[in-house]
Amino acid sequence: MSHGQDHGHDFPPKSSIKRWFITTNHKDVGILYTITSIFVLLLGGALALLMRAELFTPGLDFLSSASGYNQAVSAHGLLMVFWFISPFATGFANYIVPLQIGADDLAFPRLNAMSYWAYLFSIILFVISFFQGATFAGGWTMYAPLNVPTYMPNVGGTTVVLALIMFVASITMGSVNFLTTIYRMRAPGLRMRDLPMFSMSWLLTVWMMLFAFAALLAALMILAAQHLVGVNYFNVDGGSLLWTHLFWFFGHPEVYIVFFPALGVMAECFQTFTGRRIVGRKWFVLAMVLVALQSFIVWMHHMFLTGINLQIKTLFMVTTIGISLPFDLMVFSLIYTMIKGRIRYTTPFLFCLGALILFIVGGITGVFLGAVVLDYEFRGTYWVVAHFHYVMFAGGTALVGGLYYWFPKMTGRMYDEFLGKLHFAIYFVGFNLLYFPMFSAWETPRRVFVYETSAAFWHKVATVGAFMLGMSFLIMFYNMFKSMASGEEVGENPWEYATTAEWAVSSPPPLENFPGIADYRGGKLSFLSESEAKAADSGTATDGGTATDGGTPPAETSTAAGSGTATGGALATAEQALATRTVETEPEHADHASYWPVVVCFAGFLTFLGLSGVVQQGGVYYWLTGAGGVLSAVGFVGMAQESFYAPEPTLAEQWPFEGVPNMKLGMWFFLGSDIVLFGGFIGSYLFLRVANGWMFWEHELIPAAHVTFPGLVNTYLLLASSFAVVLALVAAHKNSSRGIVASLSATWLLGVGFLINKGIEWQHLFHIHSDAFPNGWDLATNVASSTFYLTTGLHAAHVIVGLIMLLYMIPRAMRGAYTGEDEASLEYFGLYWHFVDIVWLFLFPLFYIL
Amino acid sequence: MAVPAGGVVADVVLAGAGGIRAPAEVFQRIFLVFLALGTLVGTVVITYTLYNAYKYRYREDVDPAPDTERPQMGELPEGGGKGKKLFLSFGLSAVIVLSLVAWTYGALVMVEEGPSQSAGQEELESLEVHVEGYQFGWEYTYPNGHTASTLRVPVDRVVNVSVTSRDVFHNFGIPELRIKTDAIPGQTNDAWFIAEETGTYTANCYELCGQGHSYMQTDVVVMEQSAFDDWYSNTNGTQASENGTQSPNGTQTPNGTESGTHSEVIAP
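These notes cover the structure that comes with them. Given the structure is predicted, the values throughout are model-derived calculations rather than measurements.

1. Observations regarding the interface of chain B and chain A
Thinking step 1. Taken together, the 84 residues of chain B in the interface contact 99 residues of chain A.
Thinking step 2. A combined buried area of about 8,200 Å² lies between chain B and chain A, and 66% of that area is made up of carbon and sulfur atoms.
Thinking step 3. Three residues, Met73(B), Leu86(B) and Leu208(B), lead the burial of chain B against chain A; their summed loss comes to 10% of the area buried on that side.
Thinking step 4. Counting the contacts that link chain B with chain A gives 8 salt bridges.
Thinking step 5. Seen at the junction of chain B and chain A, the total is 30 residue pairs in polar contact (both at pLDDT 80 or more).

If you want it as structure tokens, here you go:
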């Protein structure tokens, strides 16, 4: 375009290391995710090979006794499920989704970079855990009470919990970001139902992530508190079962979170490489939505043997078997898509077809597990291991296909097709040699290295398959490196019948993605220049007519890009004419770089690392925590101060959030996840209280000194503070700087009052000396005290965060910010603050009255 | 399953003594049906998939459906077909899956409620054993209070186990007798089984519980009723009874059999 795309603001080229530390562009972040996740694949895979080597014969034990094996199996699971497979998909999502929906970048680019850096640093934390005594060795499912310090005393165990918390932070930032982007930044004409399959599957994935990971975060925060401050949740009556509920409520949606992006890739590749549109696309999408919803009501099928009653077991058996039905539909949809196709056996297609077959095997064996009477025997055996590797790793297989599919787009070069096919052949044989024998050896218990000799043959075959599968990846790495260096260069689209927008731009795409604004209103993709967009938007006809009409018979691929360049010259004069008028109001170019994300995440890393050992070992860990805390403060302030321009699109499909600015929508999504977090804490309290006896709790576990009055005072203080925030907004409407400062200061003072009052209350309770509680009633006294302090403590932490935000906002208000049209930030803060107050309105009756 | 030594009529392949269907047989039958059906469905679907993948391979000169509209760059998605065939397949699989659920539900209820409904049950009292898992073994407590690390039970008799844990989350399972249940600290889970053949079996732990998890095995010895009675009466000098009140005296019975293999034990 004739607009100079001048990013002369020092954005370093890709060859410079600095570029990769400061970039916020979605394509760069996508590449970072992809490469990092592959490193995790290698680490998790190496652990698996160690396990399989030890399983070659029963009784081999070279992993330095059981502790080594247990660490390997736990780390393998954690790394693969959390740190490999979803981030691998996230890499594609980052790169491809904005392109597919016609956006220039994500809604919050710096937040996106932060997601990545939090991910990377959480991996480093995890790796460090191996060297802190021993890493977590209780299985990726981290069952209680094996997960509490009594049974998991090494610092490394705590570190893993903290690393996971950091990872969940990364995921939550990512989900908020993608949800806001997909709802608010689509190309005009691209309705939600028109989303390409990969973007659609990613949308559902991040919806599930938003809520599921919040539940996991609750479990992890409680567990971390158990490690660091000694609360008693998972080591009391009902604690084991509580963990299983919290974990699996997250854990089941998690497996679909893992699989959905793969499903999206399969749908894209099936369509492209068969040359047929997905059969029954509407039903396919509906099936995915159904699974996403249903995924939250099947979790107890992981708990069939925990002693839950028959009615509940039956209910969950039905919902579990029920969830296989939408998958049936999707499988058949893909199969029927091949009919009357013109199928090319490219490497991506082979991997996706292979994934489909593996998924069919995995899915069928899952039905076995859903039948409760069979699950009674399969529980804790290799049947489960074989089943979930067939389904989850089938997902991984499709994602490998996605890597080959988008490799030409991301690198501009074509991979070697022969090597790709060779990789697939060895991979597929190795995969089945590894996992199919596990069905024959299904009686072997999970996570053991001693097993019946009758199963030895099958385990030997499996070990051979494992090494074959692992080695096949060497072919892939060689292929990728070789092709990046000397592969054939590709244009925009090497794949016949590809339809989505990423294939309409160069490979790799330019920094700003598109030669104009992507537009689907004509029924197919075209690109508008800025002026055309304004003209089309305002309805006046201009000489931009040729570019905007979608009705003109296109000349295939080149049209979309072609109309931009071909008519660009013709429009140049029009733009020149407009240029003089618009130059003052023309916005700055979007920013693509900031070094604050990596700084803030590094600070977080230091803080978590410090926390891991501060209780047990002190010393250097204190310094780490302190340094991390200080650096975090510097980082957050720096990031808030930085002027970073991330423009909202001028023209976009935004249903159903047309009137909601990005920041506000992001805040809503975040609060949605926060609701689930609090729900996890409150639910835990209720569960444990019922398990220990509701009235027993009140009479025996809570001291008489715990009275309602402080809670009541706090309720009034918070309600008043919410009112003060409303006053601040009113003052902002009236452009009264003084009014804003006064109201915000009142809010702040009331909030501080809340904390002081709480502090007094807690101090009093810590130091009571009654017969029942001779040593006071503190965090570690009993389960009632633990739930009280931790839940209200989480709330207090939210209050503190709000007060810190106010400390930033009040000085700005004194300098005139937030008046007039600038009141948006004030409104978002208000949303947060009101949410915090509403939570208190639930906590107060639960902890002070009932 | 083989017929119990001692000659109960062979017709009762699917029933233990007294017409009670042990969970083991229930499992076996259901498992085989699922296996057969699953293999059939899997083979049919995968074959059909591969068949289509081959039949519709790209051939330069041949377009199998020249009037089919092929995907175009930049198009808005419409979906490629009416989906009628899709619903047919979906409906078929739904019927199969739902029938399986309904069928196994009956078995589930039976296993849950325990062997209380069968006729001819009067002469069979069940044996109650309390099982406690710990890091890293299983301790069995009999009605008379005797504790041991080997589980001894009479053949062809219902054994009710109440399972709990002393420390972390374990899972108690005897694979060959098809019984399994979680061992959770602070709660007790009940399960039952009938062994139809004498021999020595193994009880394993099926939930990762710490460093000794791989080694957490004990023997399960199924004995003839008379042999069992002899052994039981020798544990504290009392007769085998339902309501033992003595405190555990800690005598360990000799464990003379090998673990893990299905060998016959000759009653003394």
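2. Focus on the sheet that holds strand S1 (residues 127-134) of chain B
Residue and element names in this part refer to chain B.
Thinking step 1. The strand order S3-S2-S1-S5-S8 describes an open sheet built from 5 strands, whose pairing is mixed. Looking at strand neighbours, the two that pair on one side only are strand S3 (147-148) and strand S8 (189-194), the edges of this open sheet.
Thinking step 2. With 7 bridges joining them, S1 and strand S5 (residues 158-165) adopt parallel strand pairing. Each bridged residue has a counterpart across the sheet, and for Glu128 the counterpart in S5 is Asn160.

3. Description of the pattern of salt bridges
Residues and elements named next belong to chain B.
Thinking step 1. For the structure on display, the rule yields 21 salt bridges over all chains.
Thinking step 2. The partner of Arg70 in a salt bridge is Asp63, with the nearest N and O atoms 2.8 Å apart.
Thinking step 3. The residue Glu132 makes a salt bridge to Arg166 at a minimum N-O spacing of 2.5 Å. Placement of Glu132 in strand S1 and of Arg166 in the loop between S5 and strand S6 (170-174) is noted, with a sequence separation of 34 residues between them.

4. Observations concerning the nonpolar core
Thinking step 1. Membership of the largest hydrophobic core comes to 364 residues, with the highest contact counts inside it found for Phe82(A), Trp83(A), Phe213(A), Phe234(A), Phe260(A), Leu151(B) and Ile174(B).
Thinking step 2. Sort the elements by how many residues they give to this core and helix H6 (residues 197-228) of chain A lands first, with 24 residues.
Thinking step 3. In this structure, Phe213(A) is in contact with Phe82(A), Phe167(A), Val168(A), Ile171(A), Met208(A), Phe250(A), Glu254(A) and Ile257(A), ignoring residues within four places of it in sequence.

5. Points about the environment of Val221(B)
Residues and elements named next belong to chain B.
Thinking step 1. Looking at the secondary structure, you find Val221 in strand S10 (residues 218-223).
Thinking step 2. The class of Val221 is buried, set by a relative accessible area of 1%.
Thinking step 3. Taking the C-alpha atoms as reference, Val221 lies 4.7 Å from Arg152; in sequence the two are 69 residues apart.

6. Description of unusual backbone geometry
Thinking step 1. In this structure, the amide linkage connecting Trp655(A) to the following residue, Pro656(A), adopts the cis form with an omega of 0°.
Thinking step 2. By secondary structure assignment, the location of Pro656(A) is in the loop between helix H20 (620-641) and helix H21 (662-692).
Thinking step 3. With omega at 10°, the peptide bond leading from Gln135(B) into Phe136(B) counts as cis.
Thinking step 4. Mapped onto the elements of the fold, Phe136(B) is located in the loop between S1 and strand S2 (137-141).
Thinking step 5. A positive phi angle, close to 50°, is found at Met142(A), a residue other than glycine.

Calculation criteria
Residues numbered from 1 in each chain as written. Chains lettered and ligands numbered in written order. Predicted model: local features only at pLDDT ≥ 70, side-chain atom pairs only at ≥ 80, totals over all residues. Heavy atoms only, no water. Contact = heavy atoms within 4.5 Å. Buried area = accessible area lost by both parts, 1.4 Å probe. Salt bridge = Lys/Arg side-chain N within 4 Å of Asp/Glu carboxyl O. Polar contact = N/O pair within 3.5 Å; in protein donor to acceptor, adjacent residues only side chain to side chain. Pairing = 2+ DSSP bridges. Helix = DSSP H or I, 4+ residues; strand = E, 2+ residues; numbered from the N terminus. Core = buried A, V, L, I, M, F, W, Y, C linked by side-chain atoms within 4.5 Å. Buried < 20%, exposed > 50% of the residue type's maximum accessible area, 1.4 Å probe, protein only.

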